[in-house]
There are 2 protein chains.
Amino acid sequence: MNLFNHDKQLKSMADAIRFLTADAIEKSKSGHPGMPLGMADVATVLFTKFIKLNPEAPRWFDRDRFVLSAGHGSMLIYSLLYLLGYKDISIDDIRNFRQLGAKTAGHPEYGHLAGIDMTTGPLGQGISSAVGMALAERILNARFGDELCSHYTYVINGDGCLMEGISEEAISLAGHLGLNKLIVLWDNNNITIDGTVDKANSTDQIMRFRAVGWNTLDVDGHDYSQIEKAISQAQESDKPTLISCRTKIGFGAPTKCGTSKCHGSPLGAEEVAAMRKALQWNYEPFEVPEDILQAWRNAGRRGMDAYKVWEQKAQTAGQPFADYIANKLPANWTEALTELKRKAVAEKTKVATRKASQMCLEAIVPHVPQIVGGSADLAASNLTLVDGMKTIVKGDYDGNNIMYGIREHAMGAVMNGLSLHGGVIPYGGTFFVFSDYMRPAMRLAALMGIRAIYVLTHDSIGVGEDGPTHQPVEHLASYRSMPNILTFRPCDVVETAEAWQLAIESEHTPSILALSRQGLPLLRTSSEILESARGGYIIRGDKDNRQATLIATGSEVSLAVSARDRLKEEGIEVAVVSMPCTELFDRQPLDYQEEILGAAPRIAIEAASKFGWEKYVGLDGDIIGMDGFGASGPAEQLYEHFGITVEEIVDSVKNLLKK
Amino acid sequence: MNLFNHDKQLKSMADAIRFLTADAIEKSKSGHPGMPLGMADVATVLFTKFIKLNPEAPRWFDRDRFVLSAGHGSMLIYSLLYLLGYKDISIDDIRNFRQLGAKTAGHPEYGHLAGIDMTTGPLGQGISSAVGMALAERILNARFGDELCSHYTYVINGDGCLMEGISEEAISLAGHLGLNKLIVLWDNNNITIDGTVDKANSTDQIMRFRAVGWNTLDVDGHDYSQIEKAISQAQESDKPTLISCRTKIGFGAPTKCGTSKCHGSPLGAEEVAAMRKALQWNYEPFEVPEDILQAWRNAGRRGMDAYKVWEQKAQTAGQPFADYIANKLPANWTEALTELKRKAVAEKTKVATRKASQMCLEAIVPHVPQIVGGSADLAASNLTLVDGMKTIVKGDYDGNNIMYGIREHAMGAVMNGLSLHGGVIPYGGTFFVFSDYMRPAMRLAALMGIRAIYVLTHDSIGVGEDGPTHQPVEHLASYRSMPNILTFRPCDVVETAEAWQLAIESEHTPSILALSRQGLPLLRTSSEILESARGGYIIRGDKDNRQATLIATGSEVSLAVSARDRLKEEGIEVAVVSMPCTELFDRQPLDYQEEILGAAPRIAIEAASKFGWEKYVGLDGDIIGMDGFGASGPAEQLYEHFGITVEEIVDSVKNLLKK
């Protein structure tokens, strides 16, 4: 084929994307045509000449990863997956774009359709999680070598992703770590929703990326040979690469292209008809001519040989690698953790739960090689680092500690990428209050149903002198209201170990460990039952003989236990429920919940916003907690100041009993 | 004074900061000495030679603003304020550093001590809000001229602030808008908590700032003449300026300086004693020798003449300017809003509440000149822009619309800066679900107790086809659990107008307006009473004759009203409570709350996480809401799919009545 014909074929293949996109959006009366039309040429080159994939094995471990960071352009990836021959998507799915229950959701959803490597839509998340994928690839490459793990991570994103602050955190981390197998294709179309980019931004993106150690290239995004040359060059770079692809948004739409009008709404029947004429596309909606479809399907089979070679290697690679791929935990991985719990009970170990968490990591990390941890520049406070861990640095990825820097948001997103890639189980630490900075990434983890473990220390006014900017108040409630995330707030070493175990075993739900800064007594008298698995349980007292029930979490469980002791002296019997994870408690059978909470008056105690505790204490119970923000001062004084004390609990019980 | 003596005096003045810092932290056994010691020289030059202030009028409108973005170095600003002669802080306050109730809180707190222009501590917020302050200055300068409003905004920040993504959003906006009176002094000490910066970051900060249109300078942060020259140059720049101040963290501490050891803990008695020797500081803790104190006090009086000139001008500037300074709303500013409500009732105007919000803005903006609004690249969706508004651009700040770009986090922080500066009332729009991106800034607004209005549209599964990444679920609950923020979710045009009025009048509490994408019927039959002011009220039915109470917000109030109509046909009397703002409802007298909620069974209806509604319906009531994330599909189908329908409400009432 000569160059002209070659380009002509690529053009037809790209136009297939364009018309699937335009017609699907027309039919659903909703969607974003601009980006897929503009980036169809770039995507065609990428997917027909570079990306390593196998439509028959969408989860092939060593496939190249592809993240459509500009998730609103979802028709681009749906078109690609259909054209390449993924069995999970048919032309009817394309027809059903954005309909309830369709695989072709408004934005690409991980787990909803094979071939989608990540849920995207919230801007900046994709490019940032791609950094995590590229990092996972390097980590596993260091462990298993080029034959088992060696692939690229490609991203398509627009100006939106680059304007979001998270992208700066992520690209500066990628540059620092020298993740040279990460290739970002920037849809540089100079258009955002509100108009031309220059109305709101004057950033020299090339200079910006160079400032954080990236290789940068610039191409006409509608010139196939330029695109091909640039991706080839990017593959050879010793740095991550940004390719600025100068494109026309809505390419092909005669009157709307190049304007924000084609960004987020259907083009309209008239415009689509005119586009058919302009691009000489004489086919019905959802019709892809056989020769073009075959060309795409051939492209889909490009990776078959590589896949077979890899499969062979993987089969002879032995159990460790198989376990990595299957996300399988080593047998007996909890043994040291069990020993830690027993010892803690025997010795009544009194430590802060952040310290308990570190003791857990000492018992886990050597036995679970998939674990990769880190902290956003607070390792010495979050206690996320344990002896024997090795820090990952540029050029040497054979480690398991990531120094995330002061980049909470990117940490959350990179953890998502690590988890999505597979083969690693990520944890990451910061102060609980600053989890707000990574909340959008945490939400995405919950929505995707992936494992990620957030080690969030300094979990209350127990922070003390650092004051209200550093004291979480509303955070527990705010995560309890978020679907599919487990919020653990353990009360001692045993519960901390239980939380770690449950979090690691929770393959489809991210977990928060909210941990104290201050020392806490050991309360558990036995560690034989994994009590935290049921979310809440009676830690003191008799369920059948109680005048009141105290429900507490974390650092306040010991206050409740002390209050119980004092009340007992006065002849008042109360039970104490430790509730380390309300979400797990809510999943228990109703009779278990009622058995634990009992019929006696209930009082909740938590050094946090009271919001939400009526769920357990009802309108007749009492809640001892915070009504406003914290304050700066020694922690014990703050507990007094805010009335979260043994005395308050005792008084509350007596008041309720008087009623 | 010759150069040598001049430098010697500055050195002594800087050392006064160093020892107040070291001794206060020693006494409180808690704090961050490294930054104040390292930046004492820079701060001394800035505060003795440049900053325009008057300790006797800490709120002087035309003072230079100073933001200690690295808020952990709070002893720097406390030392400065004391030394300069601010009456609100005494040497005893310094002695009481970080004690409960002390003005000298762990991190600087706005409103807690005169002279603190902003609460800082969460990294990246200070530098970003400073952009808002610098923008407010330009806006008001454009309106009132150089004599009334012309000042600089200075920031001191460290590497932490620069690594946070929010800083990229903010500096790119500042560069785009050409805010040349913003001067950032970067404490470039190459140390973060976990070690040297290069362990986690390799960014060329100078190149990075140049890429977003900044002027950049580089100085030895311990060389007084270099510092002075750089600040002078910065003042003359036509761009915002970053001055890289190369410093030694913990300067003066013989063994700990230059390491992360002096970042966040007391130096220790021995080290402080050695520091006294090294710096030849022969004074007791908290003792500042008279000549040095006098030199500082003289510096504090530098701005007195300028202040007097300004005061004169201000007194003759007339009422508009006086109102701006006093944050006073124009008389009768609500008139057009009142008219809008009456008309809506009369015409039964059926529109989405986002559209209603735009109608409100049309009625507000022309009458409240302080209003400055914008959107994070969603103006056409958030409907935040109205006719007659003028977009602020580089070089022409005489407008009232800010194109924030795709920078939600910076938008939140810039709004804080605008509000803190005074003279403007900021609002800003994005999709409700993406408010997560700016949550840390919103928390800070709530903590500082300042006015900011978040226009958050697309507030539920009513978003429809865009799917779960774009559908808020947990957001209402998450803000209701946050102290000091009002979450309005109006049900129609009248409630939307009420929410706008209450938000604008809420000078010490930020407000959220959660607004529907979809059209909603007009439900209010009268607009004469400002019902939303009480948070919740009976919108349909008879409080004394009801078998059940339906409590709903926003788009679900109309479902509740329809359910009531249907039940009435069947002879079942229910009342409908519209609850546009639970926080205001909670502030009402208990008997009002009980009167509204009634004794009959209660059902809450909200297309959002059920979390928290037990507070109003108790354990015996019912909650019709969401248990998980949303889905992609047409909005009406989603309401059906998730069971948030008139039928479900009717069934729920019948079930409760059967019990």
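See the structure above.
Scope of this entry: the structure provided in the associated data block. (Residues numbered from 1 in each chain as written. Chains lettered and ligands numbered in written order. Predicted model: local features only at pLDDT ≥ 70, side-chain atom pairs only at ≥ 80, totals over all residues. Heavy atoms only, no water.)

**A word on the overall build of chain A**
- From N to C terminus, chain A includes 26 helices and 20 strands.
- Taking 26 Å as the expected radius of gyration for a compact globule of 659 residues, we find that chain A reaches 28 Å, a close match to that expectation.
- Seen through its principal axes, chain A has C-alpha atoms that stretch 95 × 50 × 45 Å.
- Classification of the 659 residues of chain A by burial places 69% in the buried group.
- Considering only contacts in chain A between residues 6 or more positions apart, those separated by 24 or more positions represent 79%.
- Element-wise, carbon and sulfur atoms account for 47% of the exposed surface of chain A, whose accessible area totals about 20,900 Å².
- Counting 65 positive and 82 negative side-chain charges, chain A places the averaged centre of each group 3 Å from the other. (Helix = DSSP H or I, 4+ residues; strand = E, 2+ residues; numbered from the N terminus. Rg over C-alpha atoms; globule rule 2.2 N^0.38 Å. Buried < 20%, exposed > 50% of the residue type's maximum accessible area, 1.4 Å probe, protein only. Contact = heavy atoms within 4.5 Å. Areas by Shrake-Rupley, 256 points an atom, 1.4 Å probe, with all protein chains shown as cover. Lys, Arg positive; Asp, Glu negative; His and termini not counted. Charge placed at Lys NZ, Arg CZ, Asp CG, Glu CD.)

**Things to note about the side chain of His176(B)**
- Take His176(B): it is sitting in helix H7 (residues 165–177).
- Only 3.5 Å separates the side chain of His176(B) from the backbone nitrogen of Asn201(A), close enough to count as a polar contact.
- The contact partners of His176(B), leaving out residues within four places of it in the chain, are Asp198(A), Lys199(A), Ala200(A), Asn201(A), Ser202(A), Val212(B) and Lys394(B). (Polar contact = N/O pair within 3.5 Å; in protein donor to acceptor, adjacent residues only side chain to side chain.)

**Some thoughts on the sheet that holds strand S20 (residues 622–626) of chain B**
All names here are of chain B.
- Pairing is mixed in the open sheet, where 5 strands are placed in the order S16-S18-S17-S19-S20. Edge strands, defined here as strands with exactly one partner in the open sheet, are strand S16 (537–540) and S20. Within this sheet the neighbouring strands show an average axis-to-axis angle of 30°, counted without direction.
- Pairing of S16 with strand S18 (residues 574–578) involves 3 bridges; the strand directions are antiparallel. Pairing of Tyr537 across the sheet is with Ser578, part of S18. (Pairing = 2+ DSSP bridges. Axes fitted to C-alpha atoms, helices over the stretch in contact; angles between N-to-C directions.)

**A look at the relation of the copies chain A and chain B**
- Structural alignment of chain A on chain B gives an RMSD of 0.0 Å, achieved by rotating through 180° and translating 0.0 Å along the axis. The two molecules are tied by a two-fold rotation axis, judged by turn and shift.
- Most of the interface of chain A is mirrored in chain B, where 100% of its interface residues again form contacts. (Least-squares fit on C-alpha atoms with pLDDT ≥ 70 in both.)

**Structural notes on the pairing of strand S14 (residues 511–515) of chain B**
Residue and element names in this part refer to chain B.
- Within S14, 5 of the 5 residues are buried, leaving the element largely enclosed by the surrounding structure.
- Taken together, the 5 bridges between strand S12 (residues 453–457) and S14 define a ladder with parallel strand orientation. Note on S14: the bridge partner recorded for Val455 is Leu513.
- For the handedness criterion, the β-α-β arrangement of strand S13 (residues 486–488), helix H20 (residues 493–505) and S14 is classed as right-handed. (Right-handed = clockwise from strand over helix to strand, strands pointing away.)

**Overview of the interface of chain A and chain B**
- In this complex, chain A contributes 96 residues to the contact, which on the side of chain B involves 96 residues.
- Across the chain A to chain B interface the summed buried area is about 8,000 Å²; carbon plus sulfur atoms make up 61%.
- The largest contributions to the chain A side of the interface with chain B come from Leu100(A), Arg443(A) and Phe611(A), which together make up 10% of the buried area.
- Summed over the shared surface of chain A and chain B, the result is 8 salt bridges.
- In this structure, Glu168(A) and Arg208(B) form a salt bridge, with 3.3 Å as the shortest nitrogen-oxygen distance.
- In this structure, the connection of chain A to chain B is made through 48 residue pairs in polar contact (both at pLDDT 80 or more).
- Considering each element in turn, the side of chain A that touches chain B owes the most residues, 6 residues, to helix H18 (residues 439–448) of chain A. (Buried area = accessible area lost by both parts, 1.4 Å probe. Salt bridge = Lys/Arg side-chain N within 4 Å of Asp/Glu carboxyl O.)

**Topic: the environment of Lys343(B)**
- You can see Lys343(B) is positioned in helix H14 (residues 335–347).
- When the C-alpha positions of Lys343(B) and Ser12(B) are compared, they lie 69 Å apart, and in sequence the two are 331 residues distant.

**Brief notes about empty space enclosed by the protein**
Residue and element names in this part refer to chain A.
- Tallying each qualifying case throughout the model produces 12 cavities of 30 Å³ or more.
- Empty space within the largest cavity amounts to approximately 160 Å³.
- Lining the largest cavity are 19 residues, with Phe66, Ile77, Gly115, Ile116 and Asp117 positioned closest to its centre.
- At the level of secondary structure, the elements contributing two or more residues to the lining of the largest cavity comprise strand S1 (65–68) and helix H3 (74–84).
- Looking at the lining of the largest cavity, the element that brings in the most residues is S1, giving 4 residues.
- Approximately 100 Å³ is the volume found for the second largest cavity. (1 Å grid on protein atoms, 1.4 Å probe; cavity = no way out; pocket = protein on both sides within 12 Å on 5 of 7 lines; lining within 4 Å. Points joined across faces, edges and corners; volume = space filled by probe spheres on them.)

**Brief notes about the environment of Arg95(B)**
Residues and elements named next belong to chain B.
- Relative to the assigned elements, Arg95 resides in helix H4 (residues 91–95).
- Looking at Arg95, the relative accessible area reads 33%, which means it is partly exposed.
- Residues Arg95 and Tyr283 lie 188 residues apart in sequence; the distance between their C-alpha atoms is 15 Å.
- With residues up to four places along the chain from it excluded, the contact list for Arg95 reads Lys27 and Phe286.

**Re helix H26 (residues 646–658) of chain B**
Residues and elements named next belong to chain B.
- Compared with an ideal rise of 1.5 Å per residue, which puts 13 residues at 18 Å, H26 spans 19 Å between its outermost C-alpha atoms and is within 8% of the ideal.
- Residues of H26 that are buried: Val646, Ile649, Val650, Ser652, Val653 and Leu656. Down the axis of H26, the buried side of the element spans an arc of 160°, and every buried residue falls inside it.
- The elements touched by buried residues of H26 are strand S17 (548–552), helix H21 (557–569), S18, strand S19 (602–609) and S20. (Expected span 1.5 Å × (residues − 1). Arc of directions from axis to C-beta.)

**Quick notes on helix H5 (residues 125–144) of chain A**
Residue and element names in this part refer to chain A.
- An ideal rise of 1.5 Å per residue puts 28 Å on 20 residues; H5 measures up with 28 Å between its terminal C-alpha atoms.
- Counted residue by residue, H5 has 17 buried out of 20 residues, so it is predominantly covered.
- At the exit of H5 stands Gly145, carrying a positive phi of roughly 90°.

**A closer look at the sheet that holds strand S19 (residues 602–609) of chain A**
All names here are of chain A.
- Spatially, S16-S18-S17-S19-S20 is the arrangement adopted by the 5 strands of the open sheet, whose pairing is mixed. Two strands close off the open sheet at either side, each with one partner strand: strand S16 (537–540) and strand S20 (622–626). Strand-to-strand twist of the sheet, defined as the mean angle between neighbouring strand axes without regard to direction, takes the value 30°.
- For S19 and S20, the ladder comprises 4 bridges, and the chain directions are parallel. Pairing of Ile603 across the sheet is with Asp622, part of S20.
- Helix-sheet contacts for helix H21 (residues 557–569) involve S16, strand S17 (548–552), strand S18 (574–578) and S19, and the interaxial angle to S18 is about 170°.

**With respect to the packing of aromatic side chains**
- The full count for this structure, using the stated rule, is 40 aromatic pairs over all chains.
- For the ring pair Phe585(B) and Tyr616(B), a centre distance of 6.1 Å and an interplane angle of 65° mean the geometry is edge-to-face. Highlighted residues: Phe585(B) in helix H22 (residues 582–586) and Tyr616(B) in helix H24 (residues 614–617), separated in sequence by 31 residues. Assigned by exposure class, Phe585(B) and Tyr616(B) land together as buried.
- Here a set of aromatic residues connected by ring pairs shows up, and it is made of Trp60(A), Phe61(A), Phe144(A), Tyr307(A), Trp310(A), Phe321(A) and Tyr324(A).
- Positioned above the aromatic ring of Phe61(A) is the side chain of Arg65(A), whose terminal nitrogen or guanidinium carbon lies 6.0 Å from the ring centre.
- Its guanidinium or amino end placed over the ring of Tyr82(A), Arg297(A) lies 5.3 Å from that ring's centre, counting from NZ or CZ. (Phe/Tyr/Trp six-rings, centres within 6.5 Å; stacked < 30°, edge-to-face > 60°. Lys NZ or Arg CZ within 6 Å of the ring centre and 35° of its normal.)

**Regarding unusual backbone geometry**
- At Asn484(A), a residue that is not glycine, the phi angle is positive and equals roughly 50°.
- The topology assignment puts Asn484(A) in the loop between helix H19 (475–480) and strand S13 (486–488).
- Non-glycine residue Arg98(B) carries a positive phi angle of around 70°.
- Locating Arg98(B) in the fold gives a position in the loop between H4 and helix H5 (125–144).
- Under the relative-accessibility criterion, Arg98(B) is labelled buried at 2%.

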